[in-house]
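Report on the structure
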Amino acid sequence: MSFDPAITLFSCHYTSQQSCAEEGKELERLGFPAGINLVRVACTGKLQVTTLLKAFEDGADGVYVVGCPEDGCHNVKGSIRAAKRVAAVREALVELGVEGERVEMYHLPRGLHPEFVEKGKEMDSRIRELGPSPFQG
Amino acid sequence: MIVAERKPMAEIIEMVQDCKKVLVLACRGCVTVCSAGGEREAEILSSLIRLGMKKGGKSIEVVTASLVRQCDREYIDEMDQFEDDGYDAVVSTACGVGVNFISNLRKDTMVYPALNTSFMGGSAEQGEWTEQCAGCGDCVLHLTGGLCPVARCAKSLMNGPCGGSVDGTCEIHSDVECVWQSIYDRLGSFGKSAQMEVIAPIRDWSAAGHGGPRKVVRDDLTV
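In this report, we go over the structure that sits alongside the text. (Residues numbered from 1 in each chain as written. Chains lettered and ligands numbered in written order. Predicted model: local features only at pLDDT ≥ 70, side-chain atom pairs only at ≥ 80, totals over all residues. Heavy atoms only, no water.)

**Concerning the overall build of chain B**
Scanning chain B for helices and strands turns up 7 helices and 9 strands. In terms of overall size, chain B is more extended than a compact globule, its C-alpha atoms giving a radius of gyration of 22 Å where 223 residues would be expected to give roughly 17 Å. By principal-axis analysis of the C-alpha atoms, chain B measures approximately 65 × 45 × 25 Å. For chain B, with 223 residues in total, the buried portion stands at 38%. (Helix = DSSP H or I, 4+ residues; strand = E, 2+ residues; numbered from the N terminus. Rg over C-alpha atoms; globule rule 2.2 N^0.38 Å. Buried < 20%, exposed > 50% of the residue type's maximum accessible area, 1.4 Å probe, protein only.)

**Some words on the layout of surface pockets**
Here the largest pocket is characterised by a volume of approximately 1,500 Å³. The wall of the largest pocket is formed by 36 residues, among which Ala88 of chain A together with Ser35, Arg40, Glu41 and Trp129 of chain B lie closest to the centre. Looking at the lining of the largest pocket, the elements that each hand over two or more residues are helix H2 (49-57) and helix H3 (78-95) of chain A together with strand E1 (2-6), helix H3 (39-55) and strand E6 (115-125) of chain B. If one sorts the elements of the lining of the largest pocket by residue count, H3 of chain A sits on top with 10 residues. Split by residue class, the lining of the largest pocket holds 19 nonpolar, 7 polar and 10 charged. Approximately 340 Å³ is the volume found for the second largest pocket. Listed by contribution, the elements that provide at least two residues to the lining of the second largest pocket are strand E7 (128-133), helix H6 (149-152) and strand E9 (173-177) of chain B. Counting residues per element, the lining of the second largest pocket draws most heavily on E7 of chain B, which supplies 5 residues. Grouping the amino acids of the lining of the second largest pocket by side-chain chemistry returns 8 nonpolar, 2 polar and 5 charged. (1 Å grid on protein atoms, 1.4 Å probe; cavity = no way out; pocket = protein on both sides within 12 Å on 5 of 7 lines; lining within 4 Å. Points joined across faces, edges and corners; volume = space filled by probe spheres on them. Nonpolar A, V, L, I, M, F, W, Y, C, P; charged D, E, K, R; others polar.)

**Points about the packing of H2 of chain A against H3 of chain B**
At a closest axis distance of 9 Å, the pairing of H2 of chain A and H3 of chain B adopts a crossing angle of 20°. The angle between H2 of chain A and H3 of chain B places the two elements in the roughly parallel class. H2 of chain A and H3 of chain B meet at a crossing whose hand is left-handed. Contacts from Val49, Thr50, Leu53, Lys54, Phe56 and Glu57 of chain A in H2 of chain A reach Glu43, Ile44, Ser47, Leu48, Arg50, Leu51 and Lys54 of chain B in H3 of chain B. In terms of residue class, the contact of H2 of chain A with H3 of chain B is built from 6 nonpolar, 2 polar and 5 charged. (Axes fitted to C-alpha atoms, helices over the stretch in contact; angles between N-to-C directions. Parallel < 35°, antiparallel > 145°, perpendicular 65-115°, else oblique. Left-handed = near helix turned anticlockwise from the far one by under 90°. Contact = heavy atoms within 4.5 Å.)

**A look at helix H5 (residues 96-105) of chain B**
Residues and elements named next belong to chain B. Listed in full, the buried residues belonging to H5 are Gly98, Val99 and Ile102. The buried residues of H5 occupy one face: seen down the axis, they fall within an arc of 100°. Next to the buried residues of H5 lie strand E2 (21-27), helix H4 (73-76), strand E4 (89-92) and strand E5 (111-113). (Arc of directions from axis to C-beta.)

**Let's talk about the environment of Lys20 of chain B**
Residues and elements named next belong to chain B. Turning to its location among the elements, Lys20 is positioned in the loop between helix H1 (9-15) and E2. The exposure class of Lys20 is exposed, given its relative accessible area of 63%. Not counting the four nearest positions on each side in its chain, Lys20 is found in contact with Ile60, Glu61 and Asp88.

**Section: empty space enclosed by the protein**
Residue and element names in this part refer to chain A. Tallying each qualifying case throughout the model produces 1 cavity of 30 Å³ or more. Taken together, Cys12, Tyr14, Ala42, Cys43, Thr44, Cys68, Cys73, His74, Asn75 and Ser79 form the lining of the largest cavity. Of the residues belonging to the lining of the largest cavity, the class tally is 6 nonpolar, 4 polar and no charged.

Structure follows, in structure tokens:
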């Protein structure tokens, strides 16, 4: 089944700098999937489990978080905390009988790096394969 | 504190299956401290209930609130404020005491437990809780260096250690300390290892709940 997934990305201020380049047009030019709704946060460590679940409640087919490298977080342990919360959401999804792969955590270098776009494409492709969220009712 | 864990979601979703509106009620007591049933966990549970019901093709309204504690009459009385909300059931994230208290005091309120109440314990490290007390009603900690053989020995031995104690660990698992070894070491550090040679008499377990539900009445406090 072909569909255009709605994906919510929570990314920290540092790892999502590409979204600011060329007045926000660089990501588009590099082929960053259009269905990804990027939410920039000061630090991914600030994200709560409820924030990620709310994104699913609001209709996301997939949710992912991009934070600093585990050993190089600007706020020391922010991205490690985020990864733990992503894991908790993944576990909860599985409990509800939903594919845990619909939520993911990536640790990426800060600044302008091609991995940011690659991971967006990877997530888009994964969710296309999984199909629409079972929470759509 | 009382330590608890959330029940599996499948069990909770089954409880609320026929509900149109539920009140997820957090407790700001022990279960907040052990991160099982405080306001944050109640918000998470509310979201999971909505998602779980939606996945099953049903919609449900979930209201989230909290009480200071759910083990005191005065706080349960505060549930009057939710009376007009018209919920079908309360999903309590308190320990089993809270669920019982709501059931005891709110005759018209259906209440479901969101948690499995585990034990009385403490936070050994962040995110880790261990059992320390069994509430047996006849404390022997003054004889055992402050370490409880009832709660912390797999056999609740009163005269330990048993033959399964190896290098300070219990035979049930190498991760479990032999509390009797710890008792011996600790008494020794106070020059009281001779205490280990005193044979504990056969224990009367009636105070531990084996004589039926327990009750404490303080005449000096009743009015």
